[in-house]
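Per-entry structural report
Chain residues, written in single-letter form:
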Amino acid sequence: MSVSDLSAKQTIHPASAPGESLNLEIVGDGAFTTADMTLSVGPAHPATHGVLRVVLEMDGERVKSAHPVIGYMHRGFEKLAEHRDFRQNAALVNRHDWLSGMSNEIGLMLTVERMLEMEVPERAQWIRMLMAEYNRILNHLLFVGSYGLELGAITPMFYATRERERIQYLLESATGGRLHYTYNQPGGVKIDLPKGFLHQSVELVADVRKRLRDFDDLLLGNEIFQARTKGVGPLSTDVALSYGVSGPTLQATGIPEDVRVSEPYLKYDEVEVPVPVGENGDSWDRFYCLLGRMKASCHIIEQIHDHLPPGPVNVKLPKMVKAPEGATYARVENPLGSLGYWLESDGGRTPWRLKMRTASFSNVQVLPYLLEGVLVPDAISVLGSVFFVVGDVDR
Amino acid sequence: MIEAFTVVSRGFVAQTPGLLDTDTFLLSVALKVALVLGLFFVVPLAVGYMEHKAMARLQHRRGPMFAGPAGSLQLVADGIKFLQKEDVIPRAADKHVFALAPGLALVPAILIFFVLPLAPGVWAADLELGLFYALAITSISVLGVMMGGWASANKFSLYGGLRAAAQLIAYELPLILAAIAVAVQAGSLSLVGIVESQANFLLPGTNINVWFVFPQLLGFGIFFLAALAELSRPPFDMPIADSELVFGYMTEYTGIKFAMYLLTEYAGMVSMSALMVVLYLGGWQLLPGVPLPGCEGAGGLFDCGVLGTLLGLGVTLGKIVLLTFVMVWARVAYPRLREDQLQRMSWLVLVPLSLLNLAIVAVAKVVF
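Residues numbered from 1 in each chain as written. Chains lettered and ligands numbered in written order. Predicted model: local features only at pLDDT ≥ 70, side-chain atom pairs only at ≥ 80, totals over all residues. Heavy atoms only, no water.

Describing the overall build of chain A
Secondary structure assignment for chain A yields 15 helices and ten strands. By the compact-globule yardstick of 21 Å for 395 residues, chain A fits well, its C-alpha radius of gyration being 23 Å. Counting only C-alpha atoms, chain A reaches 85 × 50 × 35 Å along its principal axes. Burial status across chain A gives 57% buried among its 395 residues. (Helix = DSSP H or I, 4+ residues; strand = E, 2+ residues; numbered from the N terminus. Rg over C-alpha atoms; globule rule 2.2 N^0.38 Å. Buried < 20%, exposed > 50% of the residue type's maximum accessible area, 1.4 Å probe, protein only.)

Remarks on the interface of chain A and chain B
On the chain B side, the residues contacting the 36 residues of chain A number 31 residues. Summing both sides of the interface, chain A and chain B together bury roughly 3000 Å²; the carbon and sulfur share of this comes to 62%. One can count three salt bridges joining chain A with chain B. The partner of Asp378 of chain A in a salt bridge is Arg338 of chain B, with the nearest N and O atoms 3.0 Å apart. (Contact = heavy atoms within 4.5 Å. Buried area = accessible area lost by both parts, 1.4 Å probe. Salt bridge = Lys/Arg side-chain N within 4 Å of Asp/Glu carboxyl O.)

Here's the deal with the sheet that holds strand β10 (residues 353-357) of chain A
Neighbouring strands of a sheet are bound in pairs by backbone hydrogen bonds; such pairs are parallel or else antiparallel. Residue and element names in this part refer to chain A. Taken in spatial order, the three strands line up as β8-β9-β10 in an open sheet, and their pairing is antiparallel. The two strands at the open ends of the sheet, each matched to only one other strand, are β8 (326-334) and β10. Ignoring strand direction, the axes of neighbouring strands in this sheet form an average angle of 15°. Relative to β10, strand β9 (residues 337-345) is paired through five bridges, and the arrangement is antiparallel. Bridging across to β10, Trp342 finds its partner in Lys355. (Pairing = 2+ DSSP bridges. Axes fitted to C-alpha atoms, helices over the stretch in contact; angles between N-to-C directions.)

Comments concerning the UniProt feature "domain: NADH-quinone oxidoreductase subunit D" (unreviewed entry) in chain A
All names here are of chain A. Residues given the UniProt feature "domain: NADH-quinone oxidoreductase subunit D" (unreviewed entry) here are residues 151-320 and 321-395. Helix makes up 54% of residues 151-320 and strand 2%, whereas the separation of the span's terminal C-alpha atoms amounts to 50 Å. Within residues 321-395, the helical portion is 36% and the strand portion 31%, while the C-alpha atoms at the span's ends are 25 Å from each other. (UniProt positions renumbered as here; feature names shortened; annotations may be inferred.)

Things to note about the state of the cysteines
All names here are of chain A. With the rule as written, the count across this model stands at zero disulfides over all chains. Take Cys289: it sits in no disulfide, and the sulfur closest to it among the cysteines is that of Cys298, at 16 Å. When its relative accessible area of 0% is taken as the criterion, Cys298 is described as buried. (Disulfide = S-S within 2.5 Å.)

Observations regarding unusual backbone geometry
One can expect most non-glycine residues to show negative phi and most peptide bonds to be in trans. Residues and elements named next belong to chain B. The residue after Pro234, namely Pro235, is reached through a cis peptide bond having omega 5°. Inspection of the secondary structure puts Pro235 in the loop between α9 (217-230) and α10 (242-245). Within the chain, Ala70 stands out as a residue other than glycine whose phi angle is a positive 55°. With respect to the helices and strands, the residue Ala70 is situated in the loop between α2 (22-58) and α3 (74-84).

Focus: the UniProt feature "transmembrane region" (unreviewed entry) in chain B
Residue and element names in this part refer to chain B. Here the UniProt feature "transmembrane region" (unreviewed entry) sits at residues 25-47, 97-119, 131-153, 165-188, 208-229, 266-287, 307-334 and 346-367. The distance separating the terminal C-alpha atoms of residues 131-153 is 37 Å; by composition the span is 83% helix and 0% strand. Secondary structure content for residues 307-334 is 96% helix and 0% strand, and the end C-alpha separation is 41 Å.

Observations concerning the pairing of strand β4 (residues 53-59) of chain A
Residues and elements named next belong to chain A. Looking at chain direction, strand β3 (residues 34-41) and β4 are connected through six bridges and run antiparallel. When the bridges of β4 are listed, Thr38 appears paired with Glu57. Bridge count between β4 and strand β5 (residues 62-69): seven bridges; the pairing is antiparallel. Note that in β5 the partner of Asp59 across the bridge is Arg62.

Observations regarding the nonpolar core
All names here are of chain B. Ranked by internal contacts, the top residues of the largest apolar core, which has 83 residues, are Phe113, Leu131, Leu191, Phe223, Leu275, Leu279 and Tyr280. A per-element tally of this core places helix α11 (residues 255-280) first, with 13 residues. Among all residues touching Leu131, those that are not within four sequence positions of it are Ala179, Ala183, Leu189, Leu191, Ile194, Leu275 and Leu279. (Core = buried A, V, L, I, M, F, W, Y, C linked by side-chain atoms within 4.5 Å.)

Section: the confidence of the model for chain B
The predicted model of chain B has a mean per-residue pLDDT of 82, with 90% of residues at 70 or higher. Confidence scores differ between elements of chain B, with helix α1 (residues 2-15) of chain B showing the lowest mean pLDDT of 50 and α9 of chain B the highest of 90. (pLDDT = per-residue confidence, 0-100.)

Considerations on the confidence of the model for chain A
Averaged over all residues, the pLDDT of chain A is 84; the fraction at 70 or higher stands at 91%. When the criterion is pLDDT under 50, residues 1-20 of chain A qualifies, and its contacts beyond four places in sequence or with other chains add up to 33 contacts.

Focus on the pattern of salt bridges
Residues and elements named next belong to chain A. Enumeration over the complete set of coordinates arrives at 36 salt bridges over all chains. Between Glu333 and Arg293 there is a salt bridge; the shortest N-O distance is 3.1 Å. You can see Glu333 sitting in strand β8 and its partner Arg293 sitting in helix α11 (residues 283-307), a full 40 residues away along the chain. For Glu333, a relative accessible area of 2% corresponds to the buried category.

With respect to the packing of aromatic side chains
Two numbers describe a pair of aromatic rings. These are the distance of the centres and the angle of the planes. Residues and elements named next belong to chain A. One pass over the full model with this rule turns up 18 aromatic pairs over all chains. Geometrically, the ring pair formed by Tyr147 and Phe287 is tilted, given 5.4 Å between the ring centres and 35° between the ring planes. Of the two residues, Tyr147 is situated in helix α4 (residues 122-150) and Phe287 in helix α11; the sequence distance between them amounts to 140 residues. Residue classification places Tyr147 among the buried positions, given a relative accessible area of 1%. Taken together, the ring pairs connect Tyr147, Phe225, Trp284 and Phe287 into an aromatic cluster. Just above the ring of Tyr268 sits the side chain of Arg260; from NZ or CZ to the centre is 5.9 Å. (Phe/Tyr/Trp six-rings, centres within 6.5 Å; stacked < 30°, edge-to-face > 60°. Lys NZ or Arg CZ within 6 Å of the ring centre and 35° of its normal.)

Encoded structure:
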């Protein structure tokens, strides 16, 4: 069979040609035929952080359409939550987005406390803020490092790991966990900060702030990095909002939307929260906002150091915390965007229903829109800069 | 390939006056093969170790430290590990082509070492067309890469192979044009001749003794960039592009075949750096215009005495390591370009610039 014999949209299966297993689909007719290719990126692909699968229809190196296939990591968190009491649920929610455990815990506890109409001690609220901001830096550092890796720059990952280790060490000294803290409980945090924590924290935040400049020099100031990100995967504000995108991905489109500012929880109304914004919503702006948020977190932590009051860090709870009948919803600014918990209780000690609204799930939805028509390398650039954690998508 | 061998053996013959004296001829051939193989296996390993350690320093970590003193045997240990690994061939792969590809990619990397002059009198063959031979032989390696990419029956490999082909075609041109300018300047295509003509090259219109890098700074820059792209080293490593194409044309390779591709890369780094040293940096000369101790001019083996030869050897290897260090540095500092940006840079920037460079050199050659 010669090439010219092939009619439109015919799949070729030559007996022993190496192209056999590639399952190429011939498009067009005559001598100048091209073949469309289905490229499955993931779940083992290095550009998908976790088991996301994106099926790309390719025309040469150009993506014709993209379909994220989710669900490989589905572990039924929402159902599991119905069988654990509110304290135990803290251990569950810091696992669906394994990089933002502290923020997730705080989100759940705020929901429960709102249900119980519980007054949380001042010190506990400030400590929660401190922890949440460190957790935010921890999360963003990994994205900064791995985004460099996706564009072929290996060094940022090592620099990010260097800071992550120190922050994890600090958080471990207070909570006993490096990623999964289980530090929050209804009415406050489990135990007070250990001796010397604040001193170390002051030093650490100064170091982190200083070393964030490495990323500015290594990535933002790099011409190849600029060429690979500027104008790549632009997202307009309208489209972003219609897909429910939030966090740095939304801020990059020019909206200074941040739950910490628009609906302050804990003590965020008593500190200054800088919100970086972008202009075009392209990969460059998304990355810029991510770096900006890290600097903002450093700024917030420094303010917390000045404000942290003495006093108790939790309220004495009965052995069995029972939420009154009813339903409520609370949302927090998770490192990746807006995270909400809808809690319905029938008056028992476990949630009757716990529904999560996660930032990653919404962010992933916009991928088919962003990936259409881009080249493979740009697809990776977009994939890495639309911030999501796969566990947070699949839950 | 057969032509290449003929050319090389003719080089042996030309350098062996007592051709009929079989003992001397065989000894000379054995010595030269030993020299080339030693160079081929030892220097790339040293460069690989340097890459491990230099990258570690630049990235605030330690690098290998357990195998051998300061981790110096890490690559040897890696080699043994590669040998032990299972040799997997995908079921749909074109088995013979798949198996042949890494070997084919490796061959030109060895063959180029035959014409590289290391010190006065230390080279396997001084060909009249040495530069032509070196440039011709390097372009064969693309065949090994393309064969591997196509025969793997893997979409990522196919992309990698095609990208490699496009990239190597695009960068062959500026590479050759930049090298031609040197040949015009030196008035010779022989690599030894090019090194020797740098010994007493005066900057036009002055009395200052310089190497070719000074009048040809532009050409040197073009050659360096093009060499980096030819080797698919970051920031031009699109054929491999681990985050995009998993590992490009190497995706399906395991064990010793994978190691052969890796060795090709390091041998390529050494040979390209050696070419740059020969063409632009005065080869074995320590300083422009200052001959090595005991050296009047290059001749046969050890013509300069042991001290001069060893010094020349050290100088050449030192310069090679310096250039490879710059390549490692670039790898640590830069992200990867996009394939179309790479093509644009070659055709719209490097090719016109290298033509301009060639024109300037040719005119200057006539005028001065």
